[in-house]
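Examination of the molecular architecture
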Amino acid sequence: MEHIGLEMFADNDNRGGMTTPIQPVASSVQIAGTEELLAAVPHLLGFHPHDSLVVIGLQGNDPMTIGLTLRVDLPPPEHHDAVAEQLAIPLAKHETAGVVLLIVGGSDGAPPGAPSEQPPHRALTTRLELTFARIGIPVVHRLWLPDTERGARWSCYDDSDCRGTLPDPSTTPLAAASVVAGAVTVPRRADLVAGLMTADGPALARRARLLETASRDREPGGDTTALTTARFAAVRAAIDRSVDGLPTLTDDDVLALSDALSDHRVRDACLIQEQDKAAAAEHLWTALTRATPAPERAEAACLLAFAAYLRGDGVLAGIALEQAEEADAGHRLTSLLRNSLLFGLPPYQLRAACVQAAELARQQLSEEAQP
């Protein structure tokens, strides 16, 4: 098992890192009781989870606040140990004081209706509890619910009398605060995946042929300083044209931008954007991920994954990372980000590394452009 598809939703640690808009909202909203916490889960993640393990990290003491939130697909029994060990790494790095374990789904869909019935995946929650205890992180609650829709019947693993009915997640205080903050909660993770997919197979095939021809015709050693500078300028101009939303890219656009991002100095210089350009750059990376065939798609998808993770959007970062890995399994920058996620590197630390890499690349481009 190379990785577990871990998705992280980082808290706002006030150390210079930009995070998802939902988490700062969550830290300012009072969540009263188990039912409100469960109803908040879709808004903490940005989508309604299915057949998922959700680990809600808690920070502080009195009162505790929601910190790092993790989600992963429910693993088979043979992977319980590996998943528990992997989840423990980011929790420890984020100084987590306690966790709430939540299993969503994972059964035949029939909620427990009698005291003798038990929530599913008890062995997984027990393994997690033992693993987290070894690093000093207590499990304060173990919960199950079949889904996160209104009326779902939730229950506890440790108390047969601890059960209830989920309120409408869209009417909770966190839902209202998330709407005000501009956050969107979608029905399924698959809807986010579909947002990065293109249905235009013929266009991808045509562009793949054009890119192959351009690569074959490119002269060895033909990359000059002037060409690299022109490539960077082309990407910057494309970002400026993407301020109002996702741009419509022509074949020529895809060829030019793919060629530009194939120059690693240009790509590295694009890792960090000025604050007023960040959203436009993410628009461009999204459109380019949709419009570009493999393996060239990996460059844009990787930039999108970095941009999403730096602002704390663990779901989009994970999906874009999967796109990059599928397009080019040996892509080095993608491997770097995957390892950063697996080892729980907080967004503010990754941002510092990206700033350094982007500044170095831009400095090289600037120096080489000098007469």
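Residues numbered from 1 in each chain as written. Predicted model: local features only at pLDDT ≥ 70, side-chain atom pairs only at ≥ 80, totals over all residues. Heavy atoms only, no water.

1. Some remarks on the state of the cysteines
- The full count for this structure, using the stated rule, is one disulfide.
- Across a sulfur-sulfur distance of 1.9 Å, C156 and C162 are joined as a disulfide pair.
- Looking at C156, the relative accessible area reads 7%, which means it is buried.
- Taking the relative accessible area as the measure of exposure, C162 reaches 18% and is therefore buried.
- As a non-bridged cysteine, C302 has C354 as the owner of its nearest cysteine sulfur, 9.0 Å distant. (Disulfide = S-S within 2.5 Å. Buried < 20%, exposed > 50% of the residue type's maximum accessible area, 1.4 Å probe, protein only.)

2. Digging into the nonpolar core
- Core analysis: the biggest nonpolar cluster contains 94 residues, and L53, V55, L87, F132, V235 and W285 have the highest contact counts within it.
- If you tally residues by element for this core, the top one is helix α12 (residues 297–310), at twelve residues.
- Apart from the residues within four sequence positions on either side, V55 is in contact with L68, T69, L70, L87, L91, V99, V100, L101 and F132. (Core = buried A, V, L, I, M, F, W, Y, C linked by side-chain atoms within 4.5 Å. Helix = DSSP H or I, 4+ residues; strand = E, 2+ residues; numbered from the N terminus. Contact = heavy atoms within 4.5 Å.)

3. Description of the side chain of R267
- Counting through the fold element by element, R267 comes out in helix α10 (residues 264–269).
- Polar side-chain contacts of R267 include one of 3.2 Å to the side chain of E299.
- The residues touching R267, leaving out its near neighbours within four places in the chain, are L261, E299, L303, H331 and L333. (Polar contact = N/O pair within 3.5 Å; in protein donor to acceptor, adjacent residues only side chain to side chain.)

4. A closer look at the pattern of salt bridges
- Enumeration over the complete set of coordinates arrives at 16 salt bridges.
- With a shortest N-O distance of 2.4 Å, D240 and K277 are connected by a salt bridge. Of this pair, D240 sits in helix α8 (residues 225–240) while K277 sits in the loop between α10 and α11 (278–291), and the two are 37 residues apart along the sequence.
- The exposure class assigned to D240 is partly exposed, which follows from its relative accessible area of 41%. (Salt bridge = Lys/Arg side-chain N within 4 Å of Asp/Glu carboxyl O.)

5. Section: α12
- Between its first and last C-alpha, α12 extends 20 Å over 14 residues, near the 20 Å set by a 1.5 Å rise per residue.
- For α12, the buried fraction is high: 14 of the 14 residues fall into the buried class.
- Positive phi appears at G312, one or two residues downstream of α12, with a value of about 90°. (Expected span 1.5 Å × (residues − 1).)

6. Structural notes on unusual backbone geometry
- Here the bond from A294 into P295 is cis, since omega is 0°, no more than 30 degrees from zero.
- Turning to its location among the elements, P295 is positioned in the loop between α11 and α12.
- Its identity as a non-glycine residue notwithstanding, E95 has a phi of 55°, on the positive side.
- Summarising the element assignment, E95 is placed in the loop between α3 (80–93) and β4 (98–104).
- The phi angle at H121 is positive, at roughly 65°, despite the residue not being glycine.

7. Here we look at the packing of α3 against helix α4 (residues 122–134)
- One way to put it is that α3 packs onto α4 with a least axis distance of 9 Å and a crossing angle of 45°. By the angle between their directions, the pair α3 and α4 is classed as oblique. Where α3 crosses over α4, the handedness of that crossing is right-handed. Mapping the contact onto sequence places H80, D81, A84, E85, L87, A88 and L91 in α3 and A123, L124, R127, L128, T131, F132 and R134 in α4.
- The residue inventory of the contact of α3 with α4, partitioned by class, reads eight nonpolar, two polar and four charged. (Axes fitted to C-alpha atoms, helices over the stretch in contact; angles between N-to-C directions. Parallel < 35°, antiparallel > 145°, perpendicular 65-115°, else oblique. Left-handed = near helix turned anticlockwise from the far one by under 90°. Nonpolar A, V, L, I, M, F, W, Y, C, P; charged D, E, K, R; others polar.)

8. Describing the pairing of strand β2 (residues 52–59)
- Counting buried residues in β2 gives eight out of eight residues, a clear majority hidden from the surface.
- With seven bridges connecting them, β2 and strand β3 (residues 65–73) associate as antiparallel partners. The residue bridging V55 from the neighbouring strand is L70, located in β3.
- In this structure, β2 lies alongside β4, joined through seven bridges in antiparallel fashion. Counterpart to L53 in the pairing with β4 is I103. (Pairing = 2+ DSSP bridges.)

9. Observations concerning the pairing of β4
- The buried fraction of β4 is high, at seven of seven residues.
- Summarising the sheet, β4 and strand β5 (residues 139–145) pair through six bridges and their orientation is parallel. Bridged to V104 within β5 is L145.

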